[in-house]
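So you can see what is in the structure, the chains are spelled out below.
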Amino acid sequence: MSVYLHDIPLNQAQAKFQEALQDADLWRVLSVEEIPLDENALGRVTAEPIWAQISSPHYHASAMDGFAVRAEDTVGAQPSTPIHLRILNSQFPIPNSLIAQYVDTGDPLPDWANAVIPIENVESLDENNQITNAIRKPSSIRIRASVTPWIHVRPLGEDIVATQLVLPAGHILRPVDLGAIAASGHQSIKVSRKPKVAILPTGSELVPIGSKLKSGDILEYNSLVLASQIKQMGGEATRYPIIKDDFDLICEKVLEASQTHDLILLNAGSSAGAEDFSAKVVEKLGQVLVHGVAVRPGHPVILGMVKKGIGNRNSETTPISQFPIPIIGVPGYPVSASLTVDIFVEPILAKWLGRKQNELQTEEAILTRKIVSPAGDDDFVRVAVGKVGDKLLAAPLSRGAGVITSLVQADGLALIPSGTQGIDAGEKIQVKLYRTKSEIEKTILAIGSHDLTLDLMAQFLAEKNRRLASANVGSQGGLVALRRGEAHFAGSHLLDPQTGEFNISYIRQYMPNIKVKVVALVGREQGLIVKKGNPKGIKSLGDLATRSQERSVQFVNRQRGSGTRTLLDYYLNQLNIPHEYIAGYHQDEYTHLGVATAVASGRADCGLGIAAAAQALDLDFIPLFQERYDLVIPKQFIEFLSPLFDLLVDSRFQEAVSQLKGYDVSVMGTIILEDE
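It should be emphasised that the depicted structure is a prediction, and the values quoted were computed from it without experimental measurement.

Participant: I would appreciate a short explanation of the overall build of the protein chain in the present structure.
Facilitator: The helix and strand inventory of the protein chain stands at 16 helices and 39 strands. In terms of C-alpha radius of gyration, the protein chain reaches 35 Å, well past the compact-globule figure of 26 Å for 676 residues. The proportion of buried residues among the 676 residues of the protein chain is 50%. Taking as baseline every contact in the protein chain between residues at least 6 positions apart, the subset at least 24 positions apart corresponds to 76%.

Participant: Sorry, what's going on with the environment of Asp664 here?
Facilitator: Position of Asp664 among the secondary structure elements: in strand 38 (residues 663-664). Each C-alpha atom of the pair Asp664 and Phe380 lies 41 Å from the other, and the pair is 284 residues apart in sequence. When neighbours within four sequence positions are excluded, Asp664 is seen to be in contact with Val522 and Gly523.

Participant: What should I look at first to understand the packing of aromatic side chains in this one?
Facilitator: Geometrically, a pair of aromatic rings is defined through the distance of the ring centres and the angle of the planes. Scanning all chains against the criterion turns up 5 aromatic pairs. With centroids separated by 5.5 Å and ring planes inclined at 75 degrees, the aromatic side chains of Phe67 and Tyr102 adopt a geometry described as edge-to-face. Of this pair, Phe67 sits in strand 5 (residues 66-69) while Tyr102 sits in strand 7 (residues 99-103), and the two are 35 residues apart along the sequence. Taken as a pair, Phe67 and Tyr102 share a single burial class, namely buried. Centroid distance Phe460 to Phe653: 5.4 Å. Interplanar angle 70 degrees. Geometry classified as edge-to-face. Highlighted residues: Phe460 in helix 9 (residues 453-462) and Phe653 in helix 16 (residues 651-658), separated in sequence by 193 residues. Each member of the pair, Phe460 as well as Phe653, carries the same accessibility label: buried. Members of the aromatic cluster, connected to one another through ring pairs, are Tyr570, Tyr571 and Phe625. In this arrangement the basic side chain of Arg466 is found over the ring face of Phe640, its NZ or CZ atom lying 4.9 Å from the centre. The ring of Phe645 has Lys517 sitting right over it, with the charged end atom 4.7 Å from the ring centre.

Participant: Is there a simple way to explain the nonpolar core in this structure?
Facilitator: One recurring pattern in soluble globular proteins is that nonpolar side chains are buried together. Ranked by internal contacts, the top residues of the largest apolar core, which has 67 residues, are Met457, Leu479, Phe489, Leu521, Ile529 and Phe653. Sequence-distant contacts of Leu521, defined by excluding residues within four places in its chain, comprise Thr453, Met457, Tyr629, Asp630, Leu631, Leu648, Phe653 and Met668. With 39 residues, the next largest nonpolar core counts Ile8, Leu339, Phe344 and Trp352 among its residues.

Participant: Explain the pairing of strand 29 (residues 428-433) to me, please; I cannot follow it from the model alone.
Facilitator: Regular strands place side chains that alternate from one sheet face to the opposite one. The alternating pattern of strand 29 places Ile429, Val431 and Leu433 on a buried face and Lys428, Gln430 and Lys432 on a face that is not buried. For strand 23 (residues 362-367) and strand 29, the ladder comprises 5 bridges, and the chain directions are antiparallel. Opposite Ile366, over in strand 29, you have Lys428 as the bridge partner. Bridging between strand 27 (residues 412-416) and strand 29 involves 3 bridges; their strand directions are antiparallel. Bridged to Leu413 within strand 29 is Lys432.

Participant: Just to check I follow, could you spell out the environment of Gln659 for this structure?
Facilitator: Here Gln659 shows up in the loop between helix 16 and strand 38. Between the C-alpha atom of Gln659 and that of Ala612, which follows or precedes it by 47 residues, the distance is 9.4 Å. Here Glu655 takes part through its side chain, which lies 2.6 Å from a polar atom of the side chain of Gln659.

Participant: So what exactly am I meant to see when it comes to helix 5 (residues 278-285) here?
Facilitator: At 3.6 residues per turn, the α-helix brings residues three or four places apart onto the same side. Looking at helix 5, one finds that the buried residues are Ser278, Ala279, Val281, Val282 and Leu285. Projected down its long axis, helix 5 shows its buried positions confined to an angular sector of 160 degrees, all on one face. Taken together, the buried residues of helix 5 touch helix 4 (247-260), strand 18 (263-267), strand 19 (286-293), strand 21 (302-306) and strand 22 (325-330).

Participant: For this particular structure, what's the right way to read the packing of helix 4 against helix 5?
Facilitator: Relative placement of two packed helices is described by the angle separating their axes and the distance separating the axes. Where helix 4 meets helix 5, the axes come as close as 10 Å, and the angle between the chain directions of the two elements is 55 degrees. Relative to helix 5, the element helix 4 lies oblique. Our pair here, helix 4 against helix 5, has a crossing hand that is right-handed. Where helix 4 approaches helix 5, its residues Phe247, Asp248, Ile250, Cys251, Val254 and Leu255 are matched on the opposing element by Lys280, Val281, Lys284 and Leu285.

Participant: Got a minute to help me understand the pairing of strand 26 (residues 391-396) in this structure?
Facilitator: By the criterion of burial, strand 26 is predominantly enclosed, with 5 of the 6 residues buried. Where strand 23 and strand 26 come together, 2 bridges link them in parallel fashion. Pairing of Ile366 across the sheet is with Leu393, part of strand 26. The pairing of strand 25 (residues 378-388) with strand 26 spans 6 bridges and is classified as antiparallel. Bridged to Lys387 within strand 26 is Leu392. Between strand 25 and strand 26, which pair antiparallel one after the other, the connecting turn spans 2 residues, and Gly389 there sits at a positive phi close to 65 degrees.

Participant: Help me out: how do you make sense of the pattern of salt bridges in this one?
Facilitator: One side chain can pair with another of opposite charge once the charged atoms of both are near each other. Under the definition given, this model contains 29 salt bridges. For Arg44, the salt bridge identified is with Glu33, shortest N-O distance 2.4 Å. Placement of Arg44 in the loop between strand 2 (32-36) and strand 3 (50-51) and of Glu33 in strand 2 is noted, with a sequence separation of 11 residues between them. On the basis of relative accessible area, Arg44 is assigned to the buried category, the value being 10%. One continuous salt-bridge network, built from bridges that share partners, spans Glu123, Arg142 and Arg144.

Participant: Help me understand empty space enclosed by the protein in this model?
Facilitator: Unoccupied space between atoms shows up once a probe the size of one water molecule is rolled over them. Using the criterion set out here, one finds 1 cavity of 30 Å³ or more in the structure. Roughly 30 Å³ of internal volume is contained in the largest cavity. When contributions to the lining of the largest cavity are tallied by element, the ones reaching two or more residues are strand 30 (443-448) and strand 31 (467-472). Partitioning the lining of the largest cavity into residue classes produces 4 nonpolar, 5 polar and no charged.

Procedures and definitions
Residues numbered from 1 in each chain as written. Predicted model: local features only at pLDDT ≥ 70, side-chain atom pairs only at ≥ 80, totals over all residues. Heavy atoms only, no water. Helix = DSSP H or I, 4+ residues; strand = E, 2+ residues; numbered from the N terminus. Rg over C-alpha atoms; globule rule 2.2 N^0.38 Å. Buried < 20%, exposed > 50% of the residue type's maximum accessible area, 1.4 Å probe, protein only. Contact = heavy atoms within 4.5 Å. Phe/Tyr/Trp six-rings, centres within 6.5 Å; stacked < 30°, edge-to-face > 60°. Lys NZ or Arg CZ within 6 Å of the ring centre and 35° of its normal. Core = buried A, V, L, I, M, F, W, Y, C linked by side-chain atoms within 4.5 Å. Pairing = 2+ DSSP bridges. Polar contact = N/O pair within 3.5 Å; in protein donor to acceptor, adjacent residues only side chain to side chain. Arc of directions from axis to C-beta. Axes fitted to C-alpha atoms, helices over the stretch in contact; angles between N-to-C directions. Parallel < 35°, antiparallel > 145°, perpendicular 65-115°, else oblique. Left-handed = near helix turned anticlockwise from the far one by under 90°. Salt bridge = Lys/Arg side-chain N within 4 Å of Asp/Glu carboxyl O. 1 Å grid on protein atoms, 1.4 Å probe; cavity = no way out; pocket = protein on both sides within 12 Å on 5 of 7 lines; lining within 4 Å. Points joined across faces, edges and corners; volume = space filled by probe spheres on them. Nonpolar A, V, L, I, M, F, W, Y, C, P; charged D, E, K, R; others polar.

From the geometry alone we can't say anything about function, so treat these as descriptive.
Here is the structure:
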């Protein structure tokens, strides 16, 4: 019976998988092993409580370099009436004598003593009662203050008392925990065995990291990401070599992995294409429990059980207890794959290790842009997070399941629950933070026009203990975000066709009554990005226009509200070229690199963008216009952005920007406008 793409709710899929693991007696700590107490125990999980075998310290110990004394002998000592104490030269004191004995930090306290006077608080005397430099071997000492019993002494059991609980079971061992275990008298510890996870990447299109790529090749790095996640969760991962799309070969490798592993991750091939074999493999070797979960990204997940080392074609009638190895068909797209491991593997490994599930800190944030979501799915959205004023803001990042950089750039993950078709900008949303609140509070949130210098800026700001998180929504979108209080600054290069000035009129239009400081970042060269060698022979905007049905030049544009699109519209109007004559005018990209990528991949013949983007992808560039790219900053954030202002006069940063093609740094830091 096929169970493909029923897209059952996430909680039902998790419950069904857990039930199968329970039936197979696998919903428990897998096994226990005893390991030496050394640095390799770091990160392991205690399998049983650890009780102290000895006290620490196991004697009364001096806490200072100084002199052991009886506190009662010091009573009455004052600056004007000091007391002399004779240095004891034998183990046994003379009754009723005022004595002291030198001790180093950690030395046992003499049986007769109950306090220590630090060496800096005594006057060391020779046999003639004269101050001596032999401070550790005087004949006597003079003190000018009394001490209380047990001062500067670490009494027996101050840290640990024999038989007390040092650490509970299920505790992830930290460096300080190893010290406490050693101090309590242990030389070895019992920990949960690391679960062994096999990762099998499948796909004839996959090639190893480092391969020379040709069209159609896909670098196989999912297994690297998944293995690292498994290691971080406390497991032990085995990355298998790439397996071509061959049903029998995949079956063979799954059976091989089942012999020595506790869990199998079969990566890619979980959908319903002609070469998507994962579900059929699981069905042949065991039982498919779920194929299709109502989550985005990652809905074609497969959850199943396979028999250890032996396939069974009559899986529908075989008890689940006969299939002792869980297997997960992990989608091939990188974001889907990573989130699948977080959602389905983490709870299993937590149970097998006997620890609590990892839980990210959750905070309520305000959404900066509307999100549309499938009503029937739990939708996991990557977001950049920053604190602007007293508001915590979440800016949605790219939603593509193949965009692994969206996970790199993400500060958190927001869940839009099933039954919700989306969330409007300005509404509150729960975000699980990937970063600490301290990091978030040091994050500079930039929303606006894209520019390659922002990537350089992020690197230099990191040296100044600031993070730069940016969302590319275009110049107009950035000004609107500033008006809403959703960003610290916006990059903008909006040309006013009436005045020929950049940004000022738009700032007054979109940000009335908000005091700002506008600082020039760079001068930029805008032009046409074309393929290497310019095969279409394009020289100007006029070459893009055609009045016939055969439009020989395919253009790629920037999104509405971007400064580049505003610039294009201005010059098209100057040339009396209707945008209807531009093939691809409504084909949008959100960044200059996006435009360059469209040209490099053949989706377009040319696009308007900056020279540095053409240089980055080894494309040709036809310069057309000069423009100024400004930073628009509400004055309330001037102090917070002081590291950014320092950067604008940093010669190293200016030199780094100048190495990018088409940039003029002579204007960097120039104040264009500053409201009083």
